[in-house]
Amino acid sequence: MANRPLQLTLNGQPVGPVEVPDDLAMIDYLHEHQNLTGSRLGCGQGICHACVVIVDNPDGTCEEVRTCITGAHYFEGKQVRTIESHAKQDEAGNLTLNPIQQKFVDLFAFQCSYCAPGFVNAATVLVETAQRQPLKKSEVQDRIEASLGHHICRCTGYVRYYDATRAVLNDLGLVKEG
């Protein structure tokens, strides 16, 4: 299989151009070439969504993309965020979780945490969408289900993930009456 150059922005940093095989899945690129192993290879068929990353679009929107079924070259020129981009580390090495991660921890949203990166990325896309257009209180549950419902968790069920996401939306003032 032939190689060709790949260039993208990954977690805010320019990457490449680097020669990458034409048929390399993005999950493999992240793990093997960038040592970013937070995105999980679950089913390998795009069903479980443990592998999702966030793609930031030029119009300011963002979306989840499954990396186990999407080739690395699909991401050419794109801005990509992995789970590793969410927490921030200060110069002393202290780690600060973002509000979504912190709420997931505070509400014990996960058990084994294998699927947690996908859920955090899904909740991030929902929160960032709500920051542009706050959600009506009457639509919050449906929006959470639409955002997180395609993610598979084999340990905890989904109630705690949904509750933590709802709490973040409320804490950040992203839910309005209606």
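Identification of the protein chain as (2Fe-2S)-binding protein from Pseudomonas promysalinigenes is taken from an unreviewed UniProt entry.

Colleague: Summarise the overall build of the protein chain; cite the residues concerned and give the values.
Modeller: From N to C terminus, the protein chain includes five helices and nine strands. Walking the protein chain from its N terminus toward its C terminus, one meets helices and strands in the order β-β-α-β-β-β-β-β-α-α-β-α-α-β. Rg of the C-alpha trace for the protein chain: 17 Å, near the compact-globule value of 16 Å for 178 residues, within the 12% margin. Going through the 178 residues of the protein chain one by one, you find that 41% of them count as buried. Taking all contacts inside the protein chain whose residues are at least 6 apart in sequence as the whole, residues at least 24 apart take part in 60%. A gap of 7 Å separates the mean positions of the 15 positive and 21 negative side-chain charges of the protein chain.

Colleague: How would you sum up the nonpolar core? Please name residues and give values.
Modeller: In this structure, Ile100, Phe104, Phe119, Tyr161 and Leu169 are the most contacted members of the largest nonpolar core, which totals 24 residues. Of all the secondary structure elements, the ones that give two or more residues to this core are helix H2 (99-106), helix H3 (116-132), helix H4 (140-148) and helix H5 (159-171). At eight residues, the largest contribution of residues to this core is made by H3. The contact partners of Tyr161, leaving out residues within four places of it in the chain, are Phe104, Ala109, Phe110, Cys115, Ala116, Phe119, Leu148, Cys153 and Thr156. Core analysis: the second largest hydrophobic core is formed by 16 residues, Leu8, Val15, Leu24 and Tyr29 among them.

Colleague: Describe in detail the layout of surface pockets, supporting the description with residues and values.
Modeller: Quantified by volume, the largest pocket comes out at close to 240 Å³. What lines the largest pocket is a set of 14 residues, and nearest its centre among them are Ile83, Leu97, Gln101, Ala116 and Val120. Mapped by element, the contributors of at least two residues to the lining of the largest pocket are H2 and H3. Looking at the lining of the largest pocket residue by residue, the classes come out as ten nonpolar, two polar and two charged. By volume, the second largest pocket is sized at about 160 Å³.

Colleague: For the side chain of Lys103, give the residues involved together with the corresponding values.
Modeller: Inspection of the secondary structure puts Lys103 in helix H2. Note on Lys103: relative accessible area 18%, which makes it buried. Apart from residues lying up to four places away in sequence, Lys103 is in contact with Ala164, Ala167, Val168 and Asp171.

Colleague: Quick one: what's the story with H3, residue by residue and with numbers?
Modeller: In a regular helix each residue adds 1.5 Å, so 17 residues correspond to 24 Å; H3 covers 24 Å between its end C-alpha atoms and thus fits that length. Summarising burial for H3: 13 of the 17 residues are buried, a large majority.

Colleague: Requested: an account of the sheet that holds strand E1 (residues 3-10), with residues and values cited.
Modeller: Read across the sheet, five strands follow the order E2-E1-E5-E3-E4 without closing on themselves; strand pairing throughout is mixed. The open sheet terminates on both sides in strands that have one partner only, identified here as strand E2 (13-21) and strand E4 (62-65). Each neighbouring strand pair of the sheet contributes to a mean axis angle of 40°, computed without reference to strand direction. Note that strand E3 (residues 53-56) and E4 share four bridges and pair antiparallel. What sits directly across from Ile54, in E4, is Glu64. Contacts from helix H1 (residues 26-33) reach E1, E2 and E3 within the one sheet, and its direction differs from that of E1 by about 80°.

How each quantity is defined
Residues numbered from 1 in each chain as written. Predicted model: local features only at pLDDT ≥ 70, side-chain atom pairs only at ≥ 80, totals over all residues. Heavy atoms only, no water. Helix = DSSP H or I, 4+ residues; strand = E, 2+ residues; numbered from the N terminus. Rg over C-alpha atoms; globule rule 2.2 N^0.38 Å. Buried < 20%, exposed > 50% of the residue type's maximum accessible area, 1.4 Å probe, protein only. Contact = heavy atoms within 4.5 Å. Lys, Arg positive; Asp, Glu negative; His and termini not counted. Charge placed at Lys NZ, Arg CZ, Asp CG, Glu CD. Core = buried A, V, L, I, M, F, W, Y, C linked by side-chain atoms within 4.5 Å. 1 Å grid on protein atoms, 1.4 Å probe; cavity = no way out; pocket = protein on both sides within 12 Å on 5 of 7 lines; lining within 4 Å. Points joined across faces, edges and corners; volume = space filled by probe spheres on them. Nonpolar A, V, L, I, M, F, W, Y, C, P; charged D, E, K, R; others polar. Expected span 1.5 Å × (residues − 1). Pairing = 2+ DSSP bridges. Axes fitted to C-alpha atoms, helices over the stretch in contact; angles between N-to-C directions.

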